[in-house]
Amino acid sequence: MKKHNFSAGPAVLPEEVIEGAAKAILELDNIGLSLIEISHRSSEFKAIMEEAGDLALKLLGLEGKGYKAIYLQGGASMQFLMTAYNMLQFKAGYINSGTWSTKAIKEAKILGNVVELASSKDKNFNYIPKVYEIPNDLDYLHITTNNTIFGTQYKELPKTNVPLVADMSSDIFSRPLDYSKFDLFYAGAQKNMGPSGVTLVVVKETIFNMVKREIPSMLSYKVHADSGSMFNTPPVFPVYTVLLNLRWIANNGGLEGVGAQNDKKAKLIYDEIDRNPLFEGFANTDDRSAMNATFNLIDESHAAVFDPIWNNANISGLKGHRSVGGYRASIYNALSMESAQTLVNCMKEFEKNA
Ligand SMILES: *Cc1c(COP(=O)(O)O)cnc(C)c1O
């Protein structure tokens, strides 16, 4: 029986996406060949890559607005370096809202002057740090829109005149937003988009010539954009699976549709965290993520009662990250309302038994 999958990533995907991907491994669209044994230069795969790029921009409301959607390898972690390589000439500003931001800062420092404009490290990143004045002389401002480990998420974007760059690995395609506010954003696929092995980068064409340094081909956004994500062999299976998932999102009301569902699931779980006297939420209430709900037991010894309850209910992947402890319910697009309700039922049952 399929489990209720609350894993933070790689994570739950819609059943029909997994079935479609599995089918294409056996044979792609009745062409007599598997998806993973055809040339990436074949007309079949070219069509897949094109649709994956076009549909990404369409869902994000960025069609015809001077953006490119490119599919790369190396994960979000490679983007920590690549953004700086392509955009950092003099000075960049970073907001440090967690482990991933901290890593992004470390990589950017290799290439230039980096200012940490704000940090929530003082409280183990349980809130989104505010910046009241963002200097105008930055090459760009980098934020992490959703902090997967700590369960915080930007509800409002910082107001700035400098190019805005974001790591959206764990909340891309999860909610409607004015994506044209960003000059560049990226996401490793394995949270809310598809399997691991591919990273989506959405980039405004105006950033292609921002720096004077020579950029190695594999690290150049322009090189990858100009070649339609085909500069070298792309990860064909993850790209195809992402495309199936983007189609699923389109068929489920686009970002408005999945966003409304995500808000409902998040509310259901947070309401129970707040109501149940045996739990406390980890993240600051105003900054709570609709993708990763982090919570702890008031009395940690109660884990001996709570853990068997959710294990027996066929729930998987609920343990919190080691830096936060407790529990983390990752409630990405594909997690069903039924799974969210199952968790809430376990929390109520635990209250009766503890
Ligand atoms: C998981 C995650 C990363 C790391 O992604 P990789 O693809 O493993 O490099 C970076 N940022 C955020 C916000 C994440 O959730």
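If you're wondering where the values come from, they're calculated on a predicted model, not measured in any experiment.

Take the side chain of Ser34 next. When you line up the elements, Ser34 lands in the loop between α1 (15-26) and α2 (43-59). Residue class for Ser34 comes out buried when judged on its relative accessible area of 7%. Within the structure, Ser34 has its side chain in polar contact with the backbone oxygen of Ile25 (distance 2.5 Å). Reaching out from Ser34, the side chain makes a polar contact with the backbone nitrogen of Ile36 at a distance of 3.1 Å. Contacts of Ser34, omitting those with residues within four sequence positions, involve Ala24, Ile25, Leu26, Glu27 and Leu28.

Along the chain, Gly9 connects to Pro10 via a cis peptide bond; the corresponding omega equals -15°. As for its position among the elements, Pro10 is in the loop between β1 (4-5) and α1. Look at Asp29: it is not a glycine, yet its phi comes out positive at around 40°. Among the structural elements, Asp29 can be located in the loop between α1 and α2. Classification of Asp29 as exposed rests on a relative accessible area of 57%. The residue Asn124 is not glycine, and still its phi comes out positive at about 50°. Inspection of the secondary structure assignment puts Asn124 in the loop between β4 (113-119) and β5 (141-144).

Attention now goes to the packing of aromatic side chains. Under the criterion given, the structure shown has 14 aromatic pairs. For the pair Phe279 and Phe350, a centre-to-centre distance of 5.4 Å together with 55° between the ring planes defines the contact as tilted. Here Phe279, found in strand β11 (residues 279-281), pairs with Phe350, found in helix α9 (residues 337-353); they are 71 residues apart in sequence, far enough to count as distant. Overall, the relative accessible area of 4% leaves Phe279 in the buried class. The class for Phe350 is buried, based on a relative accessible area of 0%. An aromatic cluster is built from Phe279, Phe295, Phe306, Trp310, Tyr327 and Phe350, whose rings are joined through pairwise contacts. Over the ring of Tyr127 we find Lys123; its NZ or CZ atom is 5.9 Å from the centre of that ring.

Taken together, the neighbourhood of the ligand is formed by 13 residues, with Ser77, Thr148, Asp167, Gln190 and Lys191 sitting nearest. A distance of 2.6 Å separates an oxygen atom of the ligand from a polar atom in the side chain of Ser77. At a separation of 2.9 Å, an oxygen atom of the ligand approaches a polar side-chain atom of Gln190. In isolation the ligand offers 390 Å² of accessible surface; the protein chains occlude 87% of this area. Among the elements that take part in the shell around the ligand, helix α3 (residues 75-87) stands out by supplying 4 residues, more than any other.

Basis of the calculations
Residues numbered from 1 in each chain as written. Predicted model: local features only at pLDDT ≥ 70, side-chain atom pairs only at ≥ 80, totals over all residues. Heavy atoms only, no water. Helix = DSSP H or I, 4+ residues; strand = E, 2+ residues; numbered from the N terminus. Buried < 20%, exposed > 50% of the residue type's maximum accessible area, 1.4 Å probe, protein only. Polar contact = N/O pair within 3.5 Å; in protein donor to acceptor, adjacent residues only side chain to side chain. Contact = heavy atoms within 4.5 Å. Phe/Tyr/Trp six-rings, centres within 6.5 Å; stacked < 30°, edge-to-face > 60°. Lys NZ or Arg CZ within 6 Å of the ring centre and 35° of its normal. Near = heavy atom within 4 Å. Areas by Shrake-Rupley, 256 points an atom, 1.4 Å probe, with all protein chains shown as cover.

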